[in-house]
Amino acid sequence: PVKELPKATNEIAKAALLGYWARYYEVRKFERTPENIDILYEYVRAYWEAIDRPDVELAVNYGYLLSVIVGQLKEDPVEARKIDEEIQQLVKDTGNIPLALRVINARGLNAIQKKDWQEAIAIFTTAEQNFRGAFNIPEAWQHFANTLNNRGLARLNLSDGVEKWQEKRDLISSAIVDLWNAEELYMRV
């Protein structure tokens, strides 16, 4: 349980972020106990709440980590979705396209974690619908490519459960197009 965070919270939060990601992977792989999950959750949540919101990127990074902890370790997709919505609202006000694409990708990955392929596809599609201009922004290429790549993979996974030949073919064809477009952007990067 976190009693009080030090002053200079944003600077400490920036320095600690990679350590909390490392701890997340450690807990997920080796020490997955309710106590370890709760301790990690409490620390990350405390930073998420304490960060000055003018530093949107830092807030988004902690929000994303918190969402992953809640969705994957605590297995609470409803709470993870609420956190994702808070992150999305933070990003929406900035006009920062690379950051917006990272948020979309995080939300889509949460849907993939639940194996909800249709929801993941819908989430990743919002990147293409709302941020076509990302093709012209070098800082956004990697993030846009990630959304296309992940949408293609979600389409392939969805096609595994489809019985109708034409529907399966359409899903696979659209997945190939997504992966091809992602490859083009990855090569630019």
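Here is what the cut-offs are and how they apply
Residue indices begin from 1 for each chain and proceed along its sequence in written order. Reporting in this predicted model follows two pLDDT cut-offs: at least 70 for local features of residues, and 80 or more for side-chain atom pairs to be given and counted; totals over whole chains, interfaces and linings ignore these cut-offs and use all residues. In computing side-chain values, all of the structure's heavy atoms are included and hydrogens and water are not. Helical segments are the DSSP runs of H or I of at least four residues, strand segments are the runs of E of at least two, and each set is numbered from the N terminus. Residues count as neighbours in contact if any of their non-hydrogen atoms are within 4.5 Å of one another. Note on aromatic pairs: the rings of Phe, Tyr and Trp (six-membered ring only in Trp) are paired at centre separations within 6.5 Å, and the planes decide the class, stacked below 30 degrees, edge-to-face beyond 60, tilted for the rest. Throughout, exposure labels follow a simple rule: accessible area from a 1.4 Å probe, protein chains only, divided by the maximum for the residue type, with under 20% read as buried, over 50% as exposed, and the rest as partly exposed. Whether a charge lies above a ring is judged from NZ of Lys or CZ of Arg, which has to be within 6 Å of the ring centre and within 35 degrees of the ring normal.

Here we look at the environment of A120
Summarising the element assignment, A120 is placed in helix α6 (residues 117-130). Separated by 29 residues in sequence, A120 and N149 place their C-alpha atoms 12 Å apart. A120 has contacts with G108, A111, I112 and A154, leaving out every residue within four places of it along the chain.

Concerning unusual backbone geometry
Phi is positive for E75, close to 55°, though the residue is something other than glycine. The residue E75 is located in the loop between α3 (56-73) and α4 (77-92) in this model. A positive phi is found at K115, a non-glycine position, where the angle reads about 60°. With respect to the helices and strands, the residue K115 is situated in the loop between α5 (97-113) and α6.

Things to note about the packing of aromatic side chains
Under the definition given, this model contains 9 aromatic pairs. For the pair Y20 and Y62, a centre-to-centre distance of 6.4 Å together with 70° between the ring planes defines the contact as edge-to-face. With Y20 in helix α1 (residues 9-29) and Y62 in helix α3, this pair connects stretches of sequence that are 42 residues apart. Like Y62, Y20 is buried. Here the aromatic cluster, defined as three or more aromatic residues joined through ring pairs, consists of Y20, Y43, Y47 and Y62. When the ring centre of W141 is taken as reference, the NZ or CZ atom of R188 above it lies at 5.0 Å.

Brief notes about the side chain of D178
Relative to the assigned elements, D178 resides in helix α8 (residues 165-188). By relative accessible area, which is 2% here, D178 ends up buried. In contact with D178, not counting residues within four places along its chain, are L148, R151, G152 and R155.

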